[in-house]
Amino acid sequence: METKTGNIIIEKIKESKITKVDFSNLPFGKVYSDHMLVCDYKDGAWQAPRIMPYGPVSLDPSAKIFHYGQSVFEGMKAYKDAEGRAWLFRPEENQKRLNISSKRISIPELPKEIFMEGLTTLLKLEKDWIPTTPGSSLYVRPFIFASGSGLHASPADQYKFFIVCAPSGPYFAGKIKVLIEEKYSRAANGGVGYAKAGGNYAGQFYPTQLAQDKGYQQVIWTDDNTHEYIEEAGAMNIFVRINDTLMTSPVSDRILDGVTRKSVIDIAKAEGIPVEIRKIRVEELISASKNGSLKEMFGAGTAAVISPVSGFGHRESDYSLPELENSYAALLKKRITDIQYNKAEDPFGWRFQVG
Ligand SMILES: *Cc1c(COP(=O)(O)O)cnc(C)c1O
């Protein structure tokens, strides 16, 4: 049976899968909710979006996504508060960034109304799928890929926009150890590093696997030219604390402009923490580690929120970070998640109610 909400046709699932899910023991991004949003681009325009039961997609083997990798995505979370209301965090930032990414990969920009109306209508329908166990949320994945076919190496004439939802537990359990990478690069000047493009991840898997084989969980990418400056962690922006100053690299065409990153900067400033946005030399980290002024390092991104680093490797050496009583990471994580879960005032106006 089909119904219509606003501009969106909704076909509901016959029987919900929700009773089969163990909400007290959720993995990250492996269990999917009942419905998904789908919108097609064809004949030069984005068509009316539809919501339908979550399920497989059928594509021509010559669809350009398979050959030329035209795909972009976003990552967001929906949270439920103690009164059962559903919230998003700065969704318009994701909407804008999806189009920034699309433009770089020659994917036609998606109208803001389709993104926002699609997102809110889907989340209203999937509200029961937002978990309430601490540290969990409904991970929301909007993405676009080239569905139009043709083996000619040129942009496709058809695309599909989807939003799928996955009730999820924490991304990392505990602190992570990172390896400062000097051989491989994630992004280059003039490249696509600033876009949330699928191919950026494909290129990271192999070097990350090599780092994992050595006992690290993540790679810290350095600049592709000199490998002297740390850039980001591949799915997280990176922050370091030297003495009491919090630092992070400026964004560039090699570094993704994270929503968590910019929120952390604003919260830290509001807390009176000195913040410096500048290039950070690997040498500076190593000497700060040796003289004891390197207090903290953490990653910041939607999936992992704030992920403290226990130590880093560089060449053949390992450097460990101290255990702090009052870490910036813990304070900033509390402040940002309190806003996200509607447990505190939101002086920045970042929370967005969906139902
Ligand atoms: C998504 C992502 C981040 C984090 O961005 P958020 O908006 O905070 O989730 C950082 N780096 C890369 C490469 C990413 O893809």
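In every chain, residue numbers begin from 1 and rise along the written sequence. With the structure being a predicted model, the display of local features is reserved for residues of pLDDT at least 70 and the display and counting of side-chain atom pairs for 80 or more, all residues being used for whole-chain, interface and lining totals. The basis for the side-chain values is all heavy atoms of the structure; hydrogens and waters are excluded.

As named in an unreviewed UniProt entry, the chain is Branched-chain-amino-acid aminotransferase, taken from Muriicola soli. UniProt positions are given in the numbering used here, feature names are shortened, and annotations may be inferred rather than shown by experiment. Per its UniProt entry, the chain bears the Function (unreviewed entry) comment "Acts on leucine, isoleucine and valine."

Participant: Hey, could you run me through the overall build of the chain in this one?
Facilitator: A tally of regular secondary structure across the chain gives seven helices and 21 strands. It is over C-alpha atoms that the radius of gyration is taken, and the globule rule equals 2.2 Å times the number of residues to the power 0.38. Expected size for 355 residues packed as a compact globule is a radius of gyration near 20 Å; at 21 Å, the chain falls within 12% of this value. With respect to the principal axes defined by its C-alpha atoms, the chain has extents near 65 × 55 × 35 Å. Here the chain, with 355 residues, has 51% of them falling under the buried criterion. Looking at the chain as shown, the accessible area adds up to about 16,300 Å², and 50% of this sits on carbon and sulfur atoms. To qualify as a helix, a DSSP run of H or I must reach at least 4 residues; to qualify as a strand, a run of E must reach at least 2; elements of each kind are numbered from the N terminus. Here's how the labels work: a residue is buried when its accessible area is under 20% of the maximum for its type, exposed when over 50%, partly exposed in between, all with a 1.4 Å probe on protein chains only. Note on areas: Shrake-Rupley with a 1.4 Å probe; residue coverage comes only from the protein chains shown.

Participant: Would you explain the site of the ligand in this entry?
Facilitator: Taken together, 15 residues are adjacent to the ligand, and Lys196, Tyr201, Glu232, Thr260 and Thr302 come closest. Within the contact set of the ligand, an oxygen atom lies 2.4 Å away from a side-chain nitrogen or oxygen of Tyr201. A distance of 2.6 Å separates an oxygen atom of the ligand from a polar side-chain atom of Thr302. With the chains in place, 97% of the 380 Å² that the ligand exposes on its own is no longer accessible. Residue classes follow a fixed rule: Ala, Val, Leu, Ile, Met, Phe, Trp, Tyr, Cys and Pro count as nonpolar, while Asp, Glu, Lys and Arg count as charged, and any other residue, Gly among them, counts as polar. Its residues placed into classes, the shell around the ligand shows five nonpolar, six polar and four charged. Being near a molecule or strand, for a residue, comes down to having at least one heavy atom within 4 Å of it. In protein, a polar contact means a hydrogen-donor-capable atom and an acceptor-capable atom, both N or O and within 3.5 Å, with residues adjacent in sequence counting only if both atoms are side-chain atoms; elsewhere, any N or O pair within 3.5 Å suffices.

Participant: Would you explain the pairing of strand β14 (residues 237-242) in this entry?
Facilitator: The two faces of a sheet get side chains in turn, since along a regular strand they alternate between them. Most of β14 sits out of view: six of its six residues are buried. If DSSP finds at least two bridges between two strands, the strands pair. Here β14 runs beside strand β18 (residues 294-301); their pairing, made up of six bridges, is antiparallel. Within β18, the position partnered with Phe239 by the bridge is Phe298. Where β14 meets strand β15 (residues 245-248), four bridges bridge the pair, whose relative direction is antiparallel. In the sheet register, Phe239 faces β15, and the bridge partner there is Thr248. Hairpin geometry of β14 and β15 is characterised by an intervening segment of two residues between the two adjacent antiparallel strands and by a positive phi of about 50° at Asn243.

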